[in-house]
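Fold and geometry: a report
So you can see what is in the structure, the chains are spelled out below.
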Amino acid sequence: MSGPTRPDRGARLEVPPVASELGERFRLAGHQLYLVGGVVRDLLLGRDHGDLDFATDASPTETTRVLRGWADRLYLVGVRFGTVGARKDGRVLEITTFREEVYPEQTRKPAVTFAKDVETDLSRRDFTINAMAVRLPEGEFVDPFGGVRDLAAKRLDTPLDPELAFSDDPLRMLRAARFVSQLEVTPAPRVLEAIRRMHGRLAIVSAERISEELSKLLVGSRPGRALEVVVSTGLAEEFLPELPALRLEQDPIHKHKDVLHHTYAVVERCEPDLVLRLAALFHDVGKPATRRITPEGVQFHHHEVVGARMARERLQALRYPAAVVDDVCRLVEMHLRFHGYTEWTDSAVRRYVREAGPLLDRLNQLTRADCTTRNPFKAKQLAALQDDLEERIARLAEQENLEAMRPPLDGNEVMAHLGIQPGPVVGEALQHLMELRLERGPIDKDEAYRLLDAWASERGIR
Ligand code: ATP
Ligand code: MG
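A short note on the overall build of the chain
Counting its secondary structure elements, the chain contains 22 helices and 13 strands. In summary, the chain has a C-alpha radius of gyration of 28 Å against a globular reference of 23 Å for 462 residues, an excess of more than 25%. Expressed as lengths along the three principal axes of its C-alpha atoms, the size of the chain is roughly 90 × 60 × 45 Å. Put simply, of all contacts in the chain between residues at least 6 apart along the chain, 64% involve residues at least 24 apart. Working note: accessible area of the chain is about 22200 Å², and carbon and sulfur atoms make up 49% of it. In the chain, 66 positive and 73 negative side-chain charges are present, and the distance between their average locations comes to 3 Å.

Re helix α17 (residues 346–356)
When we look at burial in α17, the residues that qualify are S347, V349, R350, Y352, V353 and A356. For α17, the elements touching its buried residues are α16 (322–334), α18 (360–370), α19 (376–400) and α21 (424–440).

Focus: the state of the cysteines
Between two cysteines, a covalent bond joining their sulfur atoms is known as a disulfide. With the rule as written, the count across this model stands at 0 disulfides. Here C329 is not disulfide-linked; the sulfur of C270 is the nearest cysteine sulfur, at 16 Å. Free of any disulfide, C371 has its nearest cysteine sulfur in C270, 12 Å distant.

Observations concerning the pairing of strand β1 (residues 33–36)
Burial along β1 is two-sided: L33 and L35 facing one way and Y34 and V36 facing the other are all buried. Bridge count for β1 against strand β2 (residues 52–56) is 3 bridges, and the pairing is antiparallel. By the bridge assignment for β2, Y34 is matched with A55. Note that β1 and strand β8 (residues 133–136) share 4 bridges and pair antiparallel. Considered in β8, the bridge of L35 is made with V134.

Description of the domain arrangement of the chain
For the chain, the domain assignment lists domain 1 (1–147), domain 2 (273–403) and domain 3 (406–459). Measuring from the centre of the C-alpha atoms in domain 1 to the corresponding centre in domain 2 gives 45 Å.

Here's the deal with the sheet that holds strand β3 (residues 73–75)
Judged by pairing direction, the sheet is mixed, and its 7 strands sit side by side in the order β3-β4-β5-β2-β1-β8-β9 without closing on themselves. Strand pairing shows two members of the sheet lacking a second neighbour, β3 and β9 (140–142), which therefore form its edges. Neighbour-to-neighbour, the strand axes of the sheet open up by a mean angle of 30 degrees, direction not taken into account. Its contacts with the sheet place helix α3 (residues 60–67) against β2, β3, β4 (83–88) and β5 (91–97), and it is angled at close to 15 degrees to β4.

Some words on the packing of aromatic side chains
The way to describe two aromatic rings as a pair is by their centre distance and the angle between their planes. Scanning the entire structure with this criterion turns up 3 aromatic pairs. Relative to F98, the ring of Y34 has its centre 6.1 Å away and its plane inclined at 45 degrees; by these criteria the two rings are tilted. Of this pair, Y34 sits in strand β1 while F98 sits in the loop between β5 and β6 (99–102), and the two are 64 residues apart along the sequence. By relative accessible area, F98 is classed as buried at 0%. Aromatic side chains W344 and Y352 sit 5.3 Å apart centroid to centroid with 65 degrees between the ring planes, which places their arrangement in the edge-to-face category. For W344, a relative accessible area of 13% translates into the label buried. Over the face of the ring belonging to F300 we find K287, whose NZ or CZ atom lies 4.9 Å from the ring centre.

Side note on the site of ligand 1
Inspection of the region around ligand 1 gives 16 residues, with G38, R41, D169, R172 and K216 positioned closest. Within the side chain of R125, a nitrogen or oxygen atom sits 3.0 Å from an oxygen atom of ligand 1. One of the side-chain N or O atoms of R178 is found 3.1 Å from an oxygen atom in ligand 1. Against a free-state accessible area of 570 Å², the protein chains account for coverage of 76% of ligand 1. Mapped onto the shell around ligand 1, the elements with two or more residues apiece are α2 (38–45), α7 (171–183) and α9 (207–218). At 4 residues, the largest contribution of residues to the shell around ligand 1 is made by α7. Within the shell around ligand 1, the residues separate by chemical class into 1 nonpolar, 4 polar and 11 charged.

A short note on the pattern of salt bridges
Across all of its chains, the model carries 33 salt bridges by this definition. For D42, the salt bridge identified is with R41, shortest N-O distance 3.0 Å. Taken as a pair, D42 and R41 share a single burial class, namely buried. When the shortest N-O distance is used, the salt bridge between D284 and K287 registers 3.5 Å.

Side note on the side chain of E304
Structurally, E304 is set in helix α15 (residues 303–317). Comment: no salt bridge for buried E304; closest opposite-charge side chain is R337, at 8.5 Å. Beyond its immediate stretch of four places on either side in the chain, E304 contacts V332, E333, H335 and L336.

Cut-offs and rules
- Residues numbered from 1 in each chain as written.
- Chains lettered and ligands numbered in written order.
- Predicted model: local features only at pLDDT ≥ 70, side-chain atom pairs only at ≥ 80, totals over all residues.
- Heavy atoms only, no water.
- Helix = DSSP H or I, 4+ residues; strand = E, 2+ residues; numbered from the N terminus.
- Rg over C-alpha atoms; globule rule 2.2 N^0.38 Å.
- Contact = heavy atoms within 4.5 Å.
- Areas by Shrake-Rupley, 256 points an atom, 1.4 Å probe, with all protein chains shown as cover.
- Lys, Arg positive; Asp, Glu negative; His and termini not counted.
- Charge placed at Lys NZ, Arg CZ, Asp CG, Glu CD.
- Buried < 20%, exposed > 50% of the residue type's maximum accessible area, 1.4 Å probe, protein only.
- Disulfide = S-S within 2.5 Å.
- Pairing = 2+ DSSP bridges.
- Domains from an automatic or database assignment.
- Axes fitted to C-alpha atoms, helices over the stretch in contact; angles between N-to-C directions.
- Phe/Tyr/Trp six-rings, centres within 6.5 Å; stacked < 30°, edge-to-face > 60°.
- Lys NZ or Arg CZ within 6 Å of the ring centre and 35° of its normal.
- Near = heavy atom within 4 Å.
- Polar contact = N/O pair within 3.5 Å; in protein donor to acceptor, adjacent residues only side chain to side chain.
- Nonpolar A, V, L, I, M, F, W, Y, C, P; charged D, E, K, R; others polar.
- Salt bridge = Lys/Arg side-chain N within 4 Å of Asp/Glu carboxyl O.

Structural data, given as C-alpha coordinates:
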(Lines give C-alpha, C1' and ligand atoms only; values in the text may rest on other atoms or scores of the structure.)
(Ligands and ions follow the chains in the order given, each with its own letter.)
Protein backbone atom coordinates (compact mmCIF):
# COMPACT_ATOMS: atom_id res chain seq x y z
CA MET A 1 0.00 0.00 0.00
CA SER A 2 1.46 3.35 -0.94
CA GLY A 3 1.54 6.15 1.60
CA PRO A 4 -1.10 8.85 1.59
CA THR A 5 -0.47 12.05 -0.25
CA ARG A 6 -0.53 14.88 2.24
CA PRO A 7 -2.79 17.65 1.08
CA ASP A 8 -1.43 21.09 2.01
CA ARG A 9 -3.58 23.70 3.69
CA GLY A 10 -6.41 24.57 1.37
CA ALA A 11 -5.46 21.72 -0.94
CA ARG A 12 -8.05 20.14 -3.20
CA LEU A 13 -8.64 16.47 -3.52
CA GLU A 14 -9.67 14.77 -6.73
CA VAL A 15 -13.21 13.49 -6.04
CA PRO A 16 -15.52 11.39 -8.26
CA PRO A 17 -17.45 13.64 -10.71
CA VAL A 18 -20.79 12.44 -9.36
CA ALA A 19 -19.81 13.86 -5.95
CA SER A 20 -18.92 17.30 -7.32
CA GLU A 21 -22.15 17.33 -9.31
CA LEU A 22 -24.18 16.62 -6.21
CA GLY A 23 -22.20 19.25 -4.29
CA GLU A 24 -23.19 21.81 -6.90
CA ARG A 25 -26.87 20.92 -6.46
CA PHE A 26 -26.62 21.32 -2.68
CA ARG A 27 -24.82 24.65 -3.09
CA LEU A 28 -27.58 25.93 -5.38
CA ALA A 29 -30.14 24.86 -2.77
CA GLY A 30 -28.22 26.86 -0.15
CA HIS A 31 -26.78 23.83 1.70
CA GLN A 32 -23.38 22.44 2.56
CA LEU A 33 -22.27 19.02 1.36
CA TYR A 34 -19.15 17.09 2.36
CA LEU A 35 -17.73 13.80 1.23
CA VAL A 36 -16.87 12.03 4.51
CA GLY A 37 -15.57 8.91 6.16
CA GLY A 38 -13.94 5.84 4.65
CA VAL A 39 -14.16 7.11 1.10
CA VAL A 40 -12.00 10.18 1.90
CA ARG A 41 -9.47 7.96 3.65
CA ASP A 42 -9.39 5.61 0.67
CA LEU A 43 -9.05 8.50 -1.80
CA LEU A 44 -5.91 9.56 0.07
CA LEU A 45 -4.62 6.02 0.02
CA GLY A 46 -5.42 5.59 -3.65
CA ARG A 47 -7.70 2.65 -2.83
CA ASP A 48 -11.09 1.93 -4.36
CA HIS A 49 -14.11 2.56 -2.22
CA GLY A 50 -17.50 1.59 -3.61
CA ASP A 51 -20.08 3.62 -1.72
CA LEU A 52 -19.96 7.37 -1.31
CA ASP A 53 -20.87 8.80 2.10
CA PHE A 54 -21.81 12.46 2.47
CA ALA A 55 -22.63 14.76 5.37
CA THR A 56 -24.83 17.84 5.09
CA ASP A 57 -26.52 20.55 7.13
CA ALA A 58 -29.72 19.88 5.16
CA SER A 59 -32.45 17.90 6.91
CA PRO A 60 -33.45 14.54 5.38
CA THR A 61 -36.53 16.22 3.89
CA GLU A 62 -34.44 18.94 2.28
CA THR A 63 -31.94 16.36 1.06
CA THR A 64 -34.74 14.35 -0.52
CA ARG A 65 -35.88 17.48 -2.34
CA VAL A 66 -32.37 18.09 -3.73
CA LEU A 67 -32.06 14.49 -4.89
CA ARG A 68 -35.43 14.15 -6.63
CA GLY A 69 -35.16 14.40 -10.37
CA TRP A 70 -31.40 13.79 -10.23
CA ALA A 71 -30.88 10.45 -8.52
CA ASP A 72 -31.93 7.26 -10.33
CA ARG A 73 -33.47 5.90 -7.13
CA LEU A 74 -34.06 7.02 -3.56
CA TYR A 75 -33.95 4.90 -0.41
CA LEU A 76 -35.73 6.41 2.55
CA VAL A 77 -35.54 3.64 5.15
CA GLY A 78 -32.74 5.43 7.02
CA VAL A 79 -34.48 8.80 7.28
CA ARG A 80 -35.26 8.19 10.94
CA PHE A 81 -31.49 8.14 11.56
CA GLY A 82 -30.91 11.13 9.31
CA THR A 83 -29.76 9.20 6.24
CA VAL A 84 -31.14 9.39 2.72
CA GLY A 85 -29.83 6.77 0.33
CA ALA A 86 -29.67 7.15 -3.42
CA ARG A 87 -28.40 5.45 -6.53
CA LYS A 88 -26.84 7.43 -9.34
CA ASP A 89 -25.08 6.02 -12.40
CA GLY A 90 -24.67 2.67 -10.67
CA ARG A 91 -23.16 4.11 -7.47
CA VAL A 92 -24.70 4.01 -4.02
CA LEU A 93 -24.74 7.35 -2.23
CA GLU A 94 -25.65 7.98 1.41
CA ILE A 95 -26.33 11.52 2.54
CA THR A 96 -26.57 11.99 6.29
CA THR A 97 -27.50 15.14 8.17
CA PHE A 98 -24.65 16.29 10.51
CA ARG A 99 -24.91 14.17 13.64
CA GLU A 100 -24.00 14.88 17.18
CA GLU A 101 -24.54 11.59 18.93
CA VAL A 102 -25.30 8.12 17.75
CA TYR A 103 -26.87 5.38 19.81
CA PRO A 104 -27.09 2.51 17.39
CA GLU A 105 -28.19 -0.04 20.01
CA GLN A 106 -29.91 1.63 22.93
CA THR A 107 -33.19 2.24 21.21
CA ARG A 108 -34.74 3.96 24.22
CA LYS A 109 -32.39 6.88 23.80
CA PRO A 110 -32.95 9.17 20.85
CA ALA A 111 -31.48 7.42 17.83
CA VAL A 112 -29.76 10.54 16.67
CA THR A 113 -29.39 14.22 17.46
CA PHE A 114 -28.35 16.61 14.73
CA ALA A 115 -25.30 18.88 14.82
CA LYS A 116 -24.76 22.35 13.39
CA ASP A 117 -21.42 21.87 11.69
CA VAL A 118 -19.22 19.30 10.04
CA GLU A 119 -16.52 19.50 12.76
CA THR A 120 -18.96 18.26 15.39
CA ASP A 121 -20.07 15.48 13.05
CA LEU A 122 -16.46 14.46 12.42
CA SER A 123 -15.63 14.54 16.13
CA ARG A 124 -18.15 11.74 16.76
CA ARG A 125 -16.77 9.44 14.13
CA ASP A 126 -14.82 6.36 15.13
CA PHE A 127 -11.21 7.18 14.22
CA THR A 128 -9.25 10.21 13.05
CA ILE A 129 -8.48 8.51 9.73
CA ASN A 130 -12.25 8.21 9.20
CA ALA A 131 -12.95 11.75 10.43
CA MET A 132 -11.79 13.69 7.38
CA ALA A 133 -14.04 15.46 4.88
CA VAL A 134 -13.93 17.13 1.49
CA ARG A 135 -16.15 20.16 1.01
CA LEU A 136 -18.12 20.03 -2.21
CA PRO A 137 -18.16 21.18 -4.89
CA GLU A 138 -14.87 23.12 -4.32
CA GLY A 139 -12.94 20.14 -2.96
CA GLU A 140 -11.50 21.86 0.11
CA PHE A 141 -10.00 19.35 2.52
CA VAL A 142 -11.20 19.34 6.16
CA ASP A 143 -9.14 17.46 8.74
CA PRO A 144 -9.67 18.84 12.26
CA PHE A 145 -8.28 15.77 14.11
CA GLY A 146 -5.06 15.03 12.25
CA GLY A 147 -6.37 12.17 10.14
CA VAL A 148 -3.78 12.64 7.40
CA ARG A 149 -0.97 12.74 9.93
CA ASP A 150 -2.23 9.49 11.49
CA LEU A 151 -2.76 7.85 8.14
CA ALA A 152 0.81 8.66 7.13
CA ALA A 153 2.10 7.28 10.44
CA LYS A 154 -0.26 4.28 10.15
CA ARG A 155 -1.61 5.22 13.55
CA LEU A 156 -5.15 4.46 14.68
CA ASP A 157 -6.54 6.94 17.17
CA THR A 158 -9.93 8.37 18.13
CA PRO A 159 -10.80 12.05 17.43
CA LEU A 160 -11.69 12.63 21.10
CA ASP A 161 -11.08 10.58 24.22
CA PRO A 162 -11.26 6.85 23.37
CA GLU A 163 -13.31 6.12 26.50
CA LEU A 164 -15.98 8.49 25.24
CA ALA A 165 -15.79 7.02 21.74
CA PHE A 166 -16.13 3.45 22.98
CA SER A 167 -18.94 4.15 25.39
CA ASP A 168 -20.89 5.90 22.62
CA ASP A 169 -20.59 2.74 20.55
CA PRO A 170 -18.62 -0.26 21.86
CA LEU A 171 -18.45 -1.79 18.38
CA ARG A 172 -15.70 0.73 17.64
CA MET A 173 -13.33 -1.43 19.72
CA LEU A 174 -13.76 -4.24 17.23
CA ARG A 175 -13.65 -1.81 14.31
CA ALA A 176 -10.21 -0.81 15.62
CA ALA A 177 -9.01 -4.38 15.14
CA ARG A 178 -10.70 -4.52 11.73
CA PHE A 179 -8.65 -1.51 10.58
CA VAL A 180 -5.47 -3.11 11.95
CA SER A 181 -6.09 -5.94 9.50
CA GLN A 182 -7.49 -3.94 6.60
CA LEU A 183 -5.22 -0.87 6.65
CA GLU A 184 -2.22 -2.22 8.60
CA VAL A 185 -2.44 0.59 11.14
CA THR A 186 -1.26 0.34 14.75
CA PRO A 187 -3.63 1.44 17.51
CA ALA A 188 -2.38 4.28 19.72
CA PRO A 189 -1.50 3.12 23.27
CA ARG A 190 -4.51 5.00 24.70
CA VAL A 191 -6.81 3.14 22.31
CA LEU A 192 -5.46 -0.24 23.43
CA GLU A 193 -5.70 0.77 27.09
CA ALA A 194 -9.31 1.86 26.65
CA ILE A 195 -10.19 -1.47 25.02
CA ARG A 196 -8.47 -3.31 27.88
CA ARG A 197 -10.62 -1.44 30.37
CA MET A 198 -13.88 -1.39 28.45
CA HIS A 199 -14.12 -4.62 26.46
CA GLY A 200 -17.06 -5.82 28.57
CA ARG A 201 -19.21 -3.14 26.95
CA LEU A 202 -19.23 -5.08 23.71
CA ALA A 203 -21.96 -7.21 25.34
CA ILE A 204 -24.63 -4.67 24.31
CA VAL A 205 -23.70 -4.87 20.61
CA SER A 206 -25.78 -7.11 18.34
CA ALA A 207 -24.27 -10.30 16.92
CA GLU A 208 -24.93 -9.08 13.37
CA ARG A 209 -22.83 -5.96 13.80
CA ILE A 210 -20.05 -7.95 15.47
CA SER A 211 -19.87 -10.59 12.76
CA GLU A 212 -19.80 -7.97 10.01
CA GLU A 213 -16.66 -6.48 11.54
CA LEU A 214 -15.16 -9.90 12.25
CA SER A 215 -15.63 -10.84 8.60
CA LYS A 216 -13.96 -7.67 7.37
CA LEU A 217 -11.13 -8.25 9.85
CA LEU A 218 -10.63 -11.79 8.59
CA VAL A 219 -10.46 -10.96 4.90
CA GLY A 220 -8.08 -8.03 5.45
CA SER A 221 -4.37 -8.20 4.76
CA ARG A 222 -3.16 -8.71 8.38
CA PRO A 223 -5.81 -10.77 10.18
CA GLY A 224 -3.17 -12.41 12.39
CA ARG A 225 -2.08 -9.10 13.85
CA ALA A 226 -5.67 -7.99 14.31
CA LEU A 227 -6.58 -11.20 16.13
CA GLU A 228 -3.60 -10.67 18.39
CA VAL A 229 -5.00 -7.23 19.28
CA VAL A 230 -8.40 -8.71 19.94
CA VAL A 231 -6.98 -11.40 22.23
CA SER A 232 -4.34 -9.34 24.05
CA THR A 233 -6.82 -6.61 24.99
CA GLY A 234 -9.39 -9.10 26.28
CA LEU A 235 -11.95 -8.10 23.64
CA ALA A 236 -12.03 -11.65 22.22
CA GLU A 237 -13.51 -12.90 25.52
CA GLU A 238 -16.70 -11.05 24.62
CA PHE A 239 -17.47 -12.64 21.26
CA LEU A 240 -14.95 -15.41 20.56
CA PRO A 241 -13.76 -16.94 23.86
CA GLU A 242 -12.59 -20.11 22.05
CA LEU A 243 -9.65 -18.13 20.68
CA PRO A 244 -7.97 -16.92 23.90
CA ALA A 245 -8.59 -20.42 25.30
CA LEU A 246 -5.92 -21.66 22.86
CA ARG A 247 -3.24 -19.58 24.52
CA LEU A 248 -1.83 -22.20 26.83
CA GLU A 249 -2.12 -25.19 24.57
CA GLN A 250 1.20 -26.48 23.35
CA ASP A 251 0.99 -28.08 19.99
CA PRO A 252 3.11 -31.25 20.01
CA ILE A 253 3.71 -31.10 16.25
CA HIS A 254 4.77 -27.46 16.23
CA LYS A 255 6.46 -27.39 19.63
CA HIS A 256 7.92 -23.95 19.19
CA LYS A 257 4.58 -22.20 19.39
CA ASP A 258 1.35 -22.40 21.27
CA VAL A 259 -1.80 -23.18 19.36
CA LEU A 260 -2.95 -19.57 19.55
CA HIS A 261 0.06 -18.21 17.66
CA HIS A 262 -0.14 -21.12 15.28
CA THR A 263 -3.79 -20.16 14.61
CA TYR A 264 -2.86 -16.53 13.84
CA ALA A 265 -0.29 -17.79 11.36
CA VAL A 266 -2.65 -20.26 9.66
CA VAL A 267 -5.36 -17.60 9.22
CA GLU A 268 -2.86 -15.25 7.64
CA ARG A 269 -1.41 -17.91 5.34
CA CYS A 270 -4.83 -18.66 3.81
CA GLU A 271 -6.16 -16.63 0.91
CA PRO A 272 -8.56 -13.84 1.92
CA ASP A 273 -11.69 -15.93 1.44
CA LEU A 274 -14.18 -15.66 4.30
CA VAL A 275 -15.07 -19.35 4.59
CA LEU A 276 -11.45 -20.43 4.38
CA ARG A 277 -10.23 -17.92 6.95
CA LEU A 278 -13.08 -18.74 9.33
CA ALA A 279 -12.09 -22.39 9.01
CA ALA A 280 -8.48 -21.47 9.77
CA LEU A 281 -9.65 -19.48 12.79
CA PHE A 282 -11.58 -22.43 14.19
CA HIS A 283 -9.51 -25.35 12.97
CA ASP A 284 -7.89 -26.13 16.33
CA VAL A 285 -10.50 -24.81 18.79
CA GLY A 286 -11.28 -28.38 19.85
CA LYS A 287 -7.81 -28.85 21.30
CA PRO A 288 -8.27 -27.58 24.86
CA ALA A 289 -11.34 -29.80 25.38
CA THR A 290 -9.70 -32.96 24.00
CA ARG A 291 -6.26 -32.64 25.54
CA ARG A 292 -4.96 -35.87 27.14
CA ILE A 293 -1.54 -36.61 28.54
CA THR A 294 -0.52 -40.13 27.55
CA PRO A 295 2.76 -42.02 27.92
CA GLU A 296 3.46 -41.06 24.28
CA GLY A 297 2.93 -37.38 24.98
CA VAL A 298 0.08 -34.88 24.58
CA GLN A 299 -2.82 -35.96 22.40
CA PHE A 300 -5.84 -34.14 21.04
CA HIS A 301 -7.91 -37.09 19.97
CA HIS A 302 -10.87 -36.17 17.71
CA HIS A 303 -10.25 -32.46 18.23
CA GLU A 304 -11.41 -31.85 14.67
CA VAL A 305 -14.84 -33.33 15.45
CA VAL A 306 -15.19 -31.46 18.73
CA GLY A 307 -13.82 -28.33 17.06
CA ALA A 308 -16.38 -28.50 14.24
CA ARG A 309 -19.15 -28.69 16.85
CA MET A 310 -17.74 -25.72 18.76
CA ALA A 311 -17.34 -23.73 15.55
CA ARG A 312 -20.97 -24.40 14.65
CA GLU A 313 -22.22 -23.12 17.98
CA ARG A 314 -20.12 -19.98 17.83
CA LEU A 315 -20.88 -19.17 14.20
CA GLN A 316 -24.59 -19.65 14.78
CA ALA A 317 -24.46 -17.38 17.83
CA LEU A 318 -22.75 -14.79 15.62
CA ARG A 319 -25.60 -15.23 13.09
CA TYR A 320 -23.52 -16.33 10.14
CA PRO A 321 -25.62 -17.66 7.23
CA ALA A 322 -26.28 -21.40 7.42
CA ALA A 323 -24.29 -22.11 4.24
CA VAL A 324 -21.21 -20.41 5.68
CA VAL A 325 -21.57 -22.30 8.96
CA ASP A 326 -21.88 -25.65 7.16
CA ASP A 327 -18.86 -25.06 4.95
CA VAL A 328 -16.64 -23.85 7.77
CA CYS A 329 -17.58 -26.78 10.01
CA ARG A 330 -16.98 -29.27 7.23
CA LEU A 331 -13.50 -27.85 6.66
CA VAL A 332 -12.68 -27.92 10.38
CA GLU A 333 -13.87 -31.52 10.55
CA MET A 334 -11.78 -32.52 7.53
CA HIS A 335 -8.64 -30.54 8.26
CA LEU A 336 -6.66 -33.60 9.36
CA ARG A 337 -7.70 -35.89 6.54
CA PHE A 338 -4.44 -35.31 4.73
CA HIS A 339 -2.34 -36.27 7.74
CA GLY A 340 -1.00 -39.71 7.35
CA TYR A 341 -0.96 -39.25 3.58
CA THR A 342 1.99 -41.09 2.19
CA GLU A 343 0.83 -43.61 -0.32
CA TRP A 344 -2.89 -43.38 -0.74
CA THR A 345 -4.63 -45.79 -3.08
CA ASP A 346 -6.62 -44.29 -5.95
CA SER A 347 -9.69 -45.29 -4.01
CA ALA A 348 -8.56 -43.21 -1.00
CA VAL A 349 -7.92 -40.22 -3.25
CA ARG A 350 -11.40 -40.55 -4.80
CA ARG A 351 -12.99 -40.69 -1.36
CA TYR A 352 -11.08 -37.60 -0.27
CA VAL A 353 -12.29 -35.70 -3.33
CA ARG A 354 -15.85 -36.88 -2.87
CA GLU A 355 -15.94 -36.00 0.82
CA ALA A 356 -14.49 -32.55 0.24
CA GLY A 357 -16.90 -31.92 -2.65
CA PRO A 358 -16.95 -28.24 -3.62
CA LEU A 359 -14.66 -27.46 -0.65
CA LEU A 360 -11.72 -29.38 -2.13
CA ASP A 361 -9.59 -26.38 -3.11
CA ARG A 362 -10.15 -24.73 0.23
CA LEU A 363 -9.36 -27.94 2.09
CA ASN A 364 -6.08 -28.27 0.22
CA GLN A 365 -5.22 -24.70 1.05
CA LEU A 366 -6.11 -25.06 4.71
CA THR A 367 -3.96 -28.19 4.93
CA ARG A 368 -1.00 -26.37 3.42
CA ALA A 369 -1.48 -23.33 5.64
CA ASP A 370 -1.72 -25.59 8.70
CA CYS A 371 1.89 -26.62 8.24
CA THR A 372 3.67 -23.85 10.14
CA THR A 373 6.71 -25.83 11.23
CA ARG A 374 9.96 -23.90 11.34
CA ASN A 375 11.92 -26.99 10.52
CA PRO A 376 12.72 -26.38 6.83
CA PHE A 377 13.26 -30.05 6.11
CA LYS A 378 9.89 -31.03 7.53
CA ALA A 379 8.16 -28.14 5.81
CA LYS A 380 9.60 -29.16 2.46
CA GLN A 381 8.64 -32.75 3.00
CA LEU A 382 5.04 -31.88 3.83
CA ALA A 383 4.77 -29.49 0.90
CA ALA A 384 6.05 -32.19 -1.42
CA LEU A 385 3.46 -34.66 -0.13
CA GLN A 386 0.73 -32.09 -0.61
CA ASP A 387 1.96 -31.41 -4.16
CA ASP A 388 1.89 -35.10 -4.79
CA LEU A 389 -1.69 -35.47 -3.56
CA GLU A 390 -2.88 -32.50 -5.60
CA GLU A 391 -1.19 -33.89 -8.70
CA ARG A 392 -2.87 -37.24 -8.22
CA ILE A 393 -6.22 -35.53 -7.76
CA ALA A 394 -5.66 -33.60 -10.98
CA ARG A 395 -4.62 -36.73 -12.86
CA LEU A 396 -7.58 -38.79 -11.64
CA ALA A 397 -9.90 -35.87 -12.34
CA GLU A 398 -8.68 -35.78 -15.92
CA GLN A 399 -9.18 -39.50 -16.39
CA GLU A 400 -12.45 -39.88 -14.54
CA ASN A 401 -14.28 -36.58 -14.27
CA LEU A 402 -14.16 -36.78 -10.47
CA GLU A 403 -16.35 -33.75 -10.02
CA ALA A 404 -19.35 -35.50 -11.49
CA MET A 405 -18.64 -38.79 -9.71
CA ARG A 406 -21.92 -40.69 -9.64
CA PRO A 407 -22.97 -44.32 -9.44
CA PRO A 408 -22.63 -45.95 -12.88
CA LEU A 409 -26.44 -46.46 -13.10
CA ASP A 410 -29.26 -44.18 -12.09
CA GLY A 411 -32.34 -45.00 -10.00
CA ASN A 412 -34.57 -45.65 -13.03
CA GLU A 413 -32.07 -48.05 -14.55
CA VAL A 414 -31.79 -49.94 -11.27
CA MET A 415 -35.60 -50.22 -10.93
CA ALA A 416 -36.12 -51.29 -14.52
CA HIS A 417 -33.34 -53.85 -14.38
CA LEU A 418 -34.44 -55.40 -11.08
CA GLY A 419 -38.16 -54.93 -11.80
CA ILE A 420 -38.74 -53.16 -8.48
CA GLN A 421 -40.71 -50.12 -7.32
CA PRO A 422 -39.20 -46.99 -5.71
CA GLY A 423 -38.13 -47.70 -2.13
CA PRO A 424 -35.16 -48.12 0.18
CA VAL A 425 -33.75 -51.02 -1.86
CA VAL A 426 -33.10 -48.67 -4.79
CA GLY A 427 -31.09 -46.38 -2.52
CA GLU A 428 -29.10 -49.31 -1.14
CA ALA A 429 -28.32 -50.54 -4.65
CA LEU A 430 -27.14 -47.09 -5.73
CA GLN A 431 -25.00 -46.78 -2.64
CA HIS A 432 -23.42 -50.15 -3.31
CA LEU A 433 -22.65 -49.13 -6.92
CA MET A 434 -21.19 -45.84 -5.68
CA GLU A 435 -18.91 -47.72 -3.29
CA LEU A 436 -17.66 -49.83 -6.18
CA ARG A 437 -17.17 -46.70 -8.28
CA LEU A 438 -15.01 -45.16 -5.56
CA GLU A 439 -13.11 -48.39 -5.09
CA ARG A 440 -12.40 -49.18 -8.74
CA GLY A 441 -12.76 -46.03 -10.80
CA PRO A 442 -15.05 -45.72 -13.85
CA ILE A 443 -17.39 -48.68 -14.51
CA ASP A 444 -19.20 -49.14 -17.84
CA LYS A 445 -22.91 -49.99 -18.07
CA ASP A 446 -22.55 -53.71 -18.89
CA GLU A 447 -20.20 -54.20 -16.01
CA ALA A 448 -22.52 -52.14 -13.78
CA TYR A 449 -25.50 -54.39 -14.59
CA ARG A 450 -23.40 -57.51 -13.85
CA LEU A 451 -22.35 -56.04 -10.51
CA LEU A 452 -25.96 -55.13 -9.76
CA ASP A 453 -27.10 -58.69 -10.50
CA ALA A 454 -24.45 -60.11 -8.21
CA TRP A 455 -25.47 -57.77 -5.43
CA ALA A 456 -29.20 -58.52 -5.94
CA SER A 457 -28.79 -62.28 -5.87
CA GLU A 458 -26.62 -62.07 -2.78
CA ARG A 459 -29.39 -60.04 -1.14
CA GLY A 460 -32.02 -62.53 -2.37
CA ILE A 461 -33.80 -59.79 -4.32
CA ARG A 462 -33.98 -61.75 -7.53
P1 ATP B 1 -15.83 0.02 4.72
O2 ATP B 1 -16.79 0.73 3.82
O3 ATP B 1 -14.69 -0.63 4.08
O4 ATP B 1 -16.56 -0.90 5.66
P5 ATP B 1 -15.66 2.52 6.15
O6 ATP B 1 -14.56 3.19 6.93
O7 ATP B 1 -16.26 3.27 5.02
O8 ATP B 1 -15.12 1.13 5.67
P9 ATP B 1 -18.30 2.21 7.10
O10 ATP B 1 -18.80 1.18 8.07
O11 ATP B 1 -18.74 2.16 5.68
O12 ATP B 1 -16.73 2.17 7.22
O13 ATP B 1 -18.66 3.64 7.71
C14 ATP B 1 -18.47 4.86 6.98
C15 ATP B 1 -17.95 5.93 7.91
O16 ATP B 1 -18.89 6.18 8.97
C17 ATP B 1 -16.65 5.57 8.63
O18 ATP B 1 -15.53 5.87 7.87
C19 ATP B 1 -16.74 6.43 9.87
O20 ATP B 1 -16.44 7.77 9.60
C21 ATP B 1 -18.22 6.37 10.20
N22 ATP B 1 -18.57 5.25 11.09
C23 ATP B 1 -18.99 4.03 10.72
N24 ATP B 1 -19.26 3.26 11.76
C25 ATP B 1 -19.04 4.01 12.84
C26 ATP B 1 -19.16 3.79 14.23
N27 ATP B 1 -19.56 2.62 14.70
N28 ATP B 1 -18.87 4.81 15.04
C29 ATP B 1 -18.48 6.00 14.55
N30 ATP B 1 -18.33 6.27 13.27
C31 ATP B 1 -18.60 5.30 12.41
MG1 MG C 1 -17.86 2.62 3.67
